[in-house]
Amino acid sequence: MISVLRRFVICESPSLEKAAADRCCGVIASEWKKRDVRVERVVKKERGDLLRLTWWPDKSRPQGQLLVLGHYDTVYASGTLAKMPFRVSGGKVYGPGTFDMKAGIVQALFALEALQKSGRSLRKRVVFLWTSDEEIGSEASYKLIKFEAKRSDAVFVLEPAFGPRGLLKTERKGVGEAEIVAHGRASHAGLAPEQGVNAIEELAQQISRIHQWRDLGRGTTVAACLIDGGTRTNVIPERARAVLDLRALRIADMRRLEQRLRALRPTLPGARLEIRGGFSRPPLEGKISAALFTRAKALATQMGFVLSGCSVGGGSDGNFTAALGVPTLDGLGAVGDGAHSAREHVIAGSMPARAALLAALLMNC
Ligand SMILES: [Zn+2]
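Since the model is a prediction, treat every value here as computed from it, not as a measurement. (Residues numbered from 1 in each chain as written. Predicted model: local features only at pLDDT ≥ 70, side-chain atom pairs only at ≥ 80, totals over all residues. Heavy atoms only, no water.)

Visitor: Can you explain the sheet that holds strand 3 (residues 65-71)? Please cite residues and give values.
Guide: Spatially, 1-2-6-3-7-16 is the arrangement adopted by the six strands of the open sheet, whose pairing is mixed. In the strand order of this sheet, the two ends are held by strand 1 (38-42) and strand 16 (328-329), each with one partner. Strand direction decides the pairing type here: strand 3 and strand 6 (residues 125-131), joined by seven bridges, are parallel. Looking at strand 6, one finds that His-71 is bridged to Thr-131. (Pairing = 2+ DSSP bridges. Helix = DSSP H or I, 4+ residues; strand = E, 2+ residues; numbered from the N terminus.)

Set out below in structure tokens:
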């Protein structure tokens, strides 16, 4: 497993560099080709190509489909390997994209191999879909993700597990971004302050209002994380802008938050507001993952390990499939730590058990 992971990691695949991502797509495809599956490369113009692998060994018609979902793109630009090389040390495998989430792809590959070697037949066809732009919002791949999810009875997402115990992600917050632009009227701050409408003041009032919407107990947060405005100290500012991070654990809360944003009105006479954006990934609600999680826990117990779940604030492509109402279980990938940082690594010893868990789920769903 480590030598396959090495091949995937030493071929860097930044979301924003198509040529590099395509090379990695080819390396991953060649590993799957060795394993008797149908390999399709879905060509993308601006992003790395998507990889769809279909496995259905029997002659009879499958009674449904299972989707195994993940991404091979990483947040690291080409050249990162020079400072952050692939290495194995103390039972940990380090390198860009090991944990998030190339080890997950390796685990899926070995789960498939285990199923093939077992000779047991499956009731459902299995589609593995590896995308190229999850780290930048999945604009190029979400249509295919949704298409395959709609045809599936369950979706298994091989994003990293959480923490050293490898918790599955049974709930994920929905994630969004909104922009508020306040328009005022410029004027000399000393000679004609009464003629000005201060866009920064307007925006500040809106931000303190928005801050009240936060409900940590329900998992709803809204935070102004970027702000700019004004030109010089003696000019009443004409324009100010804030970018907000939006999160919600429930679809109803997401909708409420979006409505409240749209309903904002200016507080200063003569000011005007422009509001854009909203949620790009809806929440993965606990009820969507519950049945699959119960099954996964039971299978893990049979295999001799304890599996737990958790709720996380970040989104993944599992959020899209869950929002369609398709049962989705996320965080089935690698156990490790340090995603998106120089410490990124996978616990090598955990990989076989996680691959076995996925195989067991595919056999029992
Ligand atoms: Zn990821």
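Visitor: Lay out the state of the cysteines with the relevant residues and their values.
Guide: For the coordinates displayed, the defined rule picks out zero disulfides. Distance from the sulfur of Cys-24, which forms no disulfide, to the nearest cysteine sulfur (Cys-11) is 4.7 Å. Accessibility expressed as a relative area gives 0% for Cys-24, which makes it buried. Residue Cys-25 stays outside any disulfide, its sulfur separated by 7.6 Å from that of Cys-24, the closest cysteine. (Disulfide = S-S within 2.5 Å. Buried < 20%, exposed > 50% of the residue type's maximum accessible area, 1.4 Å probe, protein only.)

Visitor: How would you explain the packing of aromatic side chains if you had to name every residue and give the values?
Guide: Within the structure shown, the criterion is met by four aromatic pairs. Plain terms: the ring middles of Trp-32 and Phe-128 are 4.7 Å apart, the flat faces sit at 50° to each other, and that makes the pair tilted. Note that Trp-32 is positioned in helix 2 (residues 18-33) and Phe-128 in strand 6, a separation of 96 residues in sequence. The class for Trp-32 is buried, based on a relative accessible area of 0%. Since its relative accessible area comes to 1%, Phe-128 is described here as buried. The rings of Trp-32, Phe-128 and Trp-130 are connected pair by pair, giving a single aromatic cluster. Sitting above the plane of the Tyr-94 ring, Arg-87 keeps its charged end 4.1 Å from the centroid. (Phe/Tyr/Trp six-rings, centres within 6.5 Å; stacked < 30°, edge-to-face > 60°. Lys NZ or Arg CZ within 6 Å of the ring centre and 35° of its normal.)

Visitor: A description of the pattern of salt bridges should follow, citing residues and the corresponding values.
Guide: What the rule picks out here adds up to 27 salt bridges. With its nearest N and O atoms 3.6 Å apart, the salt bridge here joins Lys-124 to Asp-153. Remark: Asp-153 occurs in the loop between helix 5 (142-150) and strand 7 (154-157) and Lys-124 occurs in the loop between helix 4 (98-118) and strand 6; sequence separation between them is 29 residues. Using a relative accessible area of 13% as the deciding quantity, one classes Lys-124 as buried. The partner of Asp-228 in a salt bridge is Arg-241, with the nearest N and O atoms 3.2 Å apart. (Salt bridge = Lys/Arg side-chain N within 4 Å of Asp/Glu carboxyl O.)

Visitor: I'd like a rundown of the side chain of Thr-131, residues and numbers included.
Guide: Inspection of the secondary structure assignment puts Thr-131 in strand 6. Non-local contacts of Thr-131, meaning those with residues more than four positions away in its chain, are made with Leu-50, Leu-69, Gly-70, His-71, Tyr-72, Asp-73, Ser-141, Ile-145 and Asp-317. (Contact = heavy atoms within 4.5 Å.)

Visitor: Account for the sheet that holds strand 17 (residues 336-337), with residues named and values stated.
Guide: Ordered in space as 4-5-18-17, the four strands form an open sheet in which the pairing is antiparallel. Of all the strands in the sheet, the pair left with one neighbour each is strand 4 (87-89) and strand 17. Pairing of strand 5 (residues 92-94) with strand 18 (residues 345-347) involves three bridges; the strand directions are antiparallel. Residue pairing for strand 18: Val-93 is matched across the bridge by Val-346. Packed on one face of the sheet, helix 4 meets strand 5, strand 17 and strand 18 and runs near 50° to strand 18. (Axes fitted to C-alpha atoms, helices over the stretch in contact; angles between N-to-C directions.)

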